[in-house]
Amino acid sequence: MTVVSMTVNGAPVSKDVPDETLLAFFLREHLGLTGTHIGCDTTQCGCCVVQLDGKSVKSCTVLAAHAEGANVTTIEGLAKDGLLSPMQQAFRDLHGLQCGYCTPGMVMAATNLVETYKGELTEAIVREEMEGNLCRCTGYHNIVEAILAVARGEVTPRDRVEG
């Protein structure tokens, strides 16, 4: 067993977990943050993407112990003051989701993508950078449009977090 301490969505957490606990399972099972989905367990689908110290990572391949002392942001941590984040709002407005299973990972990866490229995004860059996030329902067109709308600063959060 290992005591793992980190900051998750702005709050300090510390839990005693088995050494082999993956970050995805730590978030879901030990912290109850079930927005981080697990789709493949092989780092193929991207459903489990979270931000670890500001970088997108697939949490199904990171040990919780390796996140010791880190800042982790999950889909639950994106909303501010009860309002959806710009990326969440864009996915909602532009229909960048269907069944929703891949959506948390898509939103997390896309949020990091916009922050990384700071307004220099093109459709080609978005499509290439998002290759590690799979959606079985869409043709990706609306996902790409949502990401580009946020990159252009065209989205203002206005919808409240439901839940």
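Up top you'll find the structure we're talking about.
An account of the accompanying structure is given in this report. (Residues numbered from 1 in each chain as written. Predicted model: local features only at pLDDT ≥ 70, side-chain atom pairs only at ≥ 80, totals over all residues. Heavy atoms only, no water.)

Okay, helix α2 (residues 86–93) next. What α2 keeps buried is the set Met87, Gln88, Gln89, Ala90 and Phe91. Packing partners of the buried residues in α2 comprise α3 (103–117) and α5 (141–151). Residue His95 follows α2 closely and has a positive phi angle near 55°. (Buried < 20%, exposed > 50% of the residue type's maximum accessible area, 1.4 Å probe, protein only. Helix = DSSP H or I, 4+ residues; strand = E, 2+ residues; numbered from the N terminus. Contact = heavy atoms within 4.5 Å.)

Further remarks concern the sheet that holds strand β5 (residues 71–73). Strand pairing within a sheet occurs via backbone hydrogen bonds; the two strands may be parallel or antiparallel. Strand order in the open sheet formed by five strands is β2-β1-β5-β3-β4, and the pairing between neighbours is mixed. In the strand order of this sheet, the two ends are held by β2 (11–17) and β4 (55–58), each with one partner. For this sheet, the mean inter-axis angle between neighbouring strands, taken without regard to orientation, is 40°. Across two bridges, the pairing between strand β1 (residues 2–8) and β5 is parallel. When the bridges of β5 are listed, Val8 appears paired with Val72. Contacting β1, β2, β3 (49–52) and β5, helix α1 (residues 23–30) runs over the sheet at an angle of about 100° to β2. The sheet contacts of α3 involve β3, β4 and β5, and relative to β3 the element is tilted by about 40°. (Pairing = 2+ DSSP bridges. Axes fitted to C-alpha atoms, helices over the stretch in contact; angles between N-to-C directions.)

This brings us to the pattern of salt bridges. The tally for this structure, following the rule as stated, stands at four salt bridges. Two residues, Glu123 and Arg127, come together in a salt bridge whose shortest N-O distance is 2.9 Å. Of this pair, Glu123 and Arg127 both sit in helix α4 (residues 123–129), four residues apart, which is roughly one turn of that helix. Judged by its relative accessible area of 39%, Glu123 falls in the partly exposed class. Arg127 sits in the partly exposed class, given a relative accessible area of 34%. Glu154 is the salt-bridge partner of Arg152, the closest N and O atoms lying 2.7 Å from each other. (Salt bridge = Lys/Arg side-chain N within 4 Å of Asp/Glu carboxyl O.)

This part covers the packing of α2 against α5. Viewed as axis vectors pointing N to C, α2 and α5 meet at an angle of 140°, and their least axial separation amounts to 9 Å. In terms of their interaxial angle, α2 and α5 are classed as oblique. Classified by chirality, the crossing of α5 by α2 is right-handed. For the pair α2 and α5, the contacting residues are Pro86, Met87, Ala90 and Phe91 in the first and Ile143, Ala146, Ile147 and Val150 in the second. Residues belonging to the contact of α2 with α5 are distributed by class as follows: eight nonpolar, no polar and no charged. (Parallel < 35°, antiparallel > 145°, perpendicular 65-115°, else oblique. Left-handed = near helix turned anticlockwise from the far one by under 90°. Nonpolar A, V, L, I, M, F, W, Y, C, P; charged D, E, K, R; others polar.)

Keep in mind these values describe shape, not function.
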